[in-house]
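# Descriptive analysis of the structure
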Amino acid sequence: MRSRSKNSSDGVSKSGKAVDQEKIRNVVTAKRSGYTVVALFILIVHGIWAVHRYQFEILPDPLTAQQVGKRGFSEEEAMKHVEELTQLGPHPVGSDNLELGLQYVLEAAENIKKTAHWEVDVEVDLFHVSSGANILVGGLFKGKTLVYSDLKHVVLRISPKYVSEATDSAILVSSHIDTVYSAEGAGDCSSCVAVMLELARGISHWAHGFKNSVIFLFNTGEEEGLNGAHSFITQHPWSSTIRMAIDLEAMGIGGTSAIFQAGPHPWAIENYALVAKYPSAQILAQDLFTSGVVKSATDFQVYKEVAGLSGLDFAYADNTAVYHTKNDKLKLLKPGSLQHLGENMLAFLLHTAASSELAKGKAMAVNEKTDAAIYFDILGTYMIVFRQRLANMLYNSVIMQSIMIWATSLVMGGPPAAITLSLSFLSIILMWIFSLLFSTTIAFILPLISSSPVPFVSTPWLIIGLFASPAFLGALTGQHIGYLILKSYISRVFSKKMENLSPVVRSNRAKLEAERSLYKSGLLQWLILLIVGHYFKVGSSYVALVWLASPAFAYGLLEATLSSARAPKALKTITLIFGLFVPFLISGGMFIRLAGTLAGMVVRLDRNPGGSPEWLGSVTVAVYISAVICLTLVYILSYIHISGAKKLVAIASFIVCGLSLIVVIAGIIPPFTDDVSRAVNVVHVVEASGRNGEHKEPNSYISLFSTTPGKLTKEIEHIDEGFVCGREKITDFVTFTTSYSCWAENDSVQGWTENDIPTINVETDSKTDERITQVTIDTKLSTRWTLAISNKIEDFRLKDAENGEELIQIGTKSTSDGWHSIQYSGGKNAPKRFGLTLYWVKNHTQVTGNDDHGLLLRLRTDVDRLTPKVKRVLEKLPSWCSLFGKSTSPYTLAFLSNLPVDF
């Protein structure tokens, strides 16, 4: 016969009351089917992919002119403009091709004028700018003065003929015709110009009902530092009538054109949300862009900072790896891309141009702490916009309620509740640590096993195997360790409080309580992010709100109980599905989009070639992937620990990562292709003076370097022109320095003469307490140059030596790393001789702050010329490489000169 004590553990209590065995088993079962967890993962993965595809990859069908009529937008017609402009090839400022591009746009504008509605007035202006100076205080332009000369723009104004006051209030739509020297610019920004021309054609048949005019600015000089926008906004007579600015840009090629900057006043984004047919906008992109994480700038900065305008900034961002390379080409422009932007813009312009509220636009004061807009789209179909004032109310309410709930639970639960909360938060910390550790370990290994430290550029889906799988495995490992610690503590607490229950029952209850605590720890991490984001007024804090409120609501509705005596149960599957549906719907596609964008941007990550570790690009992507996984999968991870799927999920993650590594090691998928190239520069360098300014014979060589992380060994073997690679030859290009490059000196004396070398001559120098030095600079062949001035100079002025026009006036100049830079670009007729007046700092011998203490001036002049050696190198350049251009990049021939402090 069994003893009484044994009976108590088999369903009979110490008081002698019988207990229903089946009920106990149902209550305390701490096991979840592994199939359920696997099914959940499949559902979530397919769901996120579907959200991303619907939101960013499905584009409207291109329409023909017959389908849209005179007043609609036709991609077929717009594509004709793209084809004409891209056929010109690269057309940078100062090139013959740019003149041809301007002439084409001018003729298209004149044709719009001829075919406009008879009650619509269309004015076309070819605006020529002789010179100007652009001093922007923020972003990439700190410590710079951007000087321009001999620029031309096509300006088109459309207004109702019989509403005279309409010309006093205008909407500006702007983009640029010019490209960098390395790209034909199908995406950046012939696609934008084409959309504007087709919009102007359609609006010319609508404008008789407008209350405001619409100005289309087709500018040049954007790629050299936003000079086109600055020259128009500061010098054109129509600029004073502008009340709102819309900028069209591209940092990739095609796809959806999304708003990534809006404001400062919310009127524009609010009205866009009302009428856009395919709304695409994310304030998260604005947060990243304005924070400086994305190293770029657009004309919108000029319109906000210089003109004080509010408005919208659009950008194409598909395939960001092709940005400013040869692959910014027509064949990669997705059908439907122009239709997407064109239909959205047409609806928006028809709505706002007919509005009587626009006249207040520029003058309306805006308090960004309360009136700034929070905006995002859902599936590219619906648009949510609300002001910071409402956001403050929502965030404060959710934060206060969350804190009150947590505080109440801690007070009611006492010390055990506090310790449980601490241990559950420890699981979050361990989850982050292990996830980052596993994914970054792979990132550090990649340079050792792959021909490129960023092997995922041509195939971004490799990121899943290389980083997402180890990040997930690490997150699961870290949280499981935290789960075991938490379960152990809860078991000890239950052993004291529930002595009447069997150890098996207590253990199962501890498992279930630990699972719930892990789920709630996910709420805690999002609460912390919401508090931090709200404090710093981060626009995308709504993401934290959604990821906190929706899972919390699902838990409260389906899991929470007012009875503390009720035994815990396994979390319901419906709780997870219900709680994560809205967060993934709102932000799932955006997270994937951002991962793809980040993967493409590593092509141009190393702004000072060789100055950053090779692993930096992969580590950056790995950290982002780990962060997304830890933030978004924290809830589903809590479901795994009591299931039979732990080993299956871990093994599957390991296999996916292993297969991806095998693919990389074997070179099955190349890191770069003909359509997704490595960014390189080939420059014939002529150094006209020594490192410290001493006179010496010119030294010339061909320099090959890359902004894409990794060695150039494979490339120089393919070229076979006697290149040597290493860190021994550091070249100072004034705007950047190459710490790692390849160089070849043979056959480098051809293609230039000593008469081409720019000169820096000191005319006068008054060595008094208020020292002033007059310098003459002759750039010879170049109308594109950069001059760095040491911080030993307090102020300076720059004049055109030919006509005496003052280009840069005396005034406060900022510095960056101890230097102030003048970045000059101009057209064919731009001046080439300049007078520079330098006003020294008092006690300048005591001034420090830059690395080249022996130099006063550093000059680089660029010439768009192919010397014989460079031409051979470019002909042999591998198909997986492309020249890369930006405002600070040298052309294919560059002269380097300097002036020492002790001249």
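Since we're looking at a predicted model, the values are computed, not measured. (Residues numbered from 1 in each chain as written. Predicted model: local features only at pLDDT ≥ 70, side-chain atom pairs only at ≥ 80, totals over all residues. Heavy atoms only, no water.)

## Some thoughts on the environment of Asn-97
For Asn-97, the location among the structural elements is in helix α6 (residues 96-115). Taking relative accessible area as the criterion, Asn-97 reaches 24% and is therefore assigned partly exposed. Considered as a pair, Asn-97 and Gln-87 are ten residues apart in the sequence and their alpha carbons are 9.7 Å apart. The residues touching Asn-97, leaving out its near neighbours within four places in the chain, are Leu-88, Gly-89, Pro-90 and His-91. (Helix = DSSP H or I, 4+ residues; strand = E, 2+ residues; numbered from the N terminus. Buried < 20%, exposed > 50% of the residue type's maximum accessible area, 1.4 Å probe, protein only. Contact = heavy atoms within 4.5 Å.)

## Some points on the packing of aromatic side chains
Aromatic rings in a pair are described by how distant their centres are and how their planes are angled relative to each other. One pass over the full model with this rule turns up 22 aromatic pairs. Ring centres of Phe-260 and Phe-289 lie 5.0 Å apart, and the angle between their planes is 75°; on these two criteria the pair is classed as edge-to-face. One end of the pair, Phe-260, is in strand β6 (residues 257-263); the other, Phe-289, is in helix α10 (residues 283-291), and 29 residues separate them in sequence. This pair shows no difference in class: Phe-260 is buried, exactly as Phe-289 is. Ring geometry for Trp-526 and Trp-547: centres 5.6 Å apart, planes at 15°, overall stacked. One end of the pair, Trp-526, is in helix α15 (residues 503-535); the other, Trp-547, is in helix α16 (residues 542-558), and 21 residues separate them in sequence. Within the aromatic cluster, the residues linked to one another by ring pairs are Tyr-272, Phe-314 and Phe-348. Geometry around Tyr-891 places Arg-784 over its ring, the cationic atom sitting 4.4 Å from the centre. (Phe/Tyr/Trp six-rings, centres within 6.5 Å; stacked < 30°, edge-to-face > 60°. Lys NZ or Arg CZ within 6 Å of the ring centre and 35° of its normal.)

## As for the packing of helix α17 (residues 573-601) against helix α18 (residues 616-632)
Viewed as axis vectors pointing N to C, α17 and α18 meet at an angle of 170°, and their least axial separation amounts to 10 Å. The orientation of α17 with respect to α18, classified from their angle, is roughly antiparallel. Of the residues in α18, those in contact with Phe-584, Phe-591, Leu-594, Ala-595 and Leu-598 of α17 are Thr-620, Val-621, Tyr-624, Ile-625, Val-628 and Thr-632. Of the residues assigned to the contact of α17 with α18, the class counts are nine nonpolar, two polar and no charged. (Axes fitted to C-alpha atoms, helices over the stretch in contact; angles between N-to-C directions. Parallel < 35°, antiparallel > 145°, perpendicular 65-115°, else oblique. Nonpolar A, V, L, I, M, F, W, Y, C, P; charged D, E, K, R; others polar.)

## Examining unusual backbone geometry
Residue Asp-188 is joined to Cys-189 through a cis peptide bond whose omega torsion reads 0°. Of note, the bond from Gly-263 into Pro-264 is cis; its omega dihedral lies within 30 degrees of zero at 0°. Among the structural elements, Pro-264 can be located in the loop between β6 and α9 (267-275). Despite not being glycine, His-324 has its phi angle at roughly 65°, a positive value. As for its position among the elements, His-324 is in the loop between β7 (311-316) and α12 (337-353). His-324 gets classed as buried once you look at its relative accessible area, which sits at 4%.

## Regarding the nonpolar core
Among the nonpolar cores identified, the biggest contains 198 residues, and Phe-216 and Phe-467 are the most heavily contacted of them. When near neighbours in sequence (up to four residues on either side) are disregarded, Phe-467 contacts Ser-439, Ile-442, Ala-443, Leu-446, Phe-456, Ser-618, Val-621, Ala-622 and Ile-625. (Core = buried A, V, L, I, M, F, W, Y, C linked by side-chain atoms within 4.5 Å.)

## Let's talk about a nonpolar patch on the surface
On the surface, Leu-43, Phe-553, Leu-557, Ile-574, Ile-577 and Phe-578 cluster together to form a nonpolar patch covering roughly 580 Å² of accessible area. Those elements that provide at least two residues to the nonpolar patch are α16 and α17. Top element by residues in the nonpolar patch is α17. It accounts for three residues. Counting through the fold element by element, Leu-557 comes out in helix α16. The class of Leu-557 is exposed, set by a relative accessible area of 54%. (Patch = residues over 30% accessible without salt bridge, like charges linked within 9 Å, V, L, I, M, F, W, Y side chains within 5 Å. Areas by Shrake-Rupley, 256 points an atom, 1.4 Å probe, with all protein chains shown as cover. Salt bridge = Lys/Arg side-chain N within 4 Å of Asp/Glu carboxyl O.)

## Examining the pairing of strand β15 (residues 741-744)
By the alternation rule, side chains of β15 split into Ser-741 and Trp-743 and Cys-742 and Ala-744, which are all buried. Summarising the sheet, strand β11 (residues 699-706) and β15 pair through three bridges and their orientation is antiparallel. Each residue of the ladder has a partner; that of Leu-704, found in β15, is Cys-742. Bridge count for strand β12 (residues 724-726) against β15 is three bridges, and the pairing is antiparallel. Each residue of the ladder has a partner; that of Gly-726, found in β15, is Ser-741. (Pairing = 2+ DSSP bridges.)

## Details of the confidence of the model for the protein chain
In the predicted model, the protein chain carries a mean pLDDT of 92, and the fraction of residues at 70 or more is 93%. Contacts of residues 1-27 to residues separated by more than four positions or lying in other chains number 18 contacts, the stretch itself having pLDDT below 50. (pLDDT = per-residue confidence, 0-100.)

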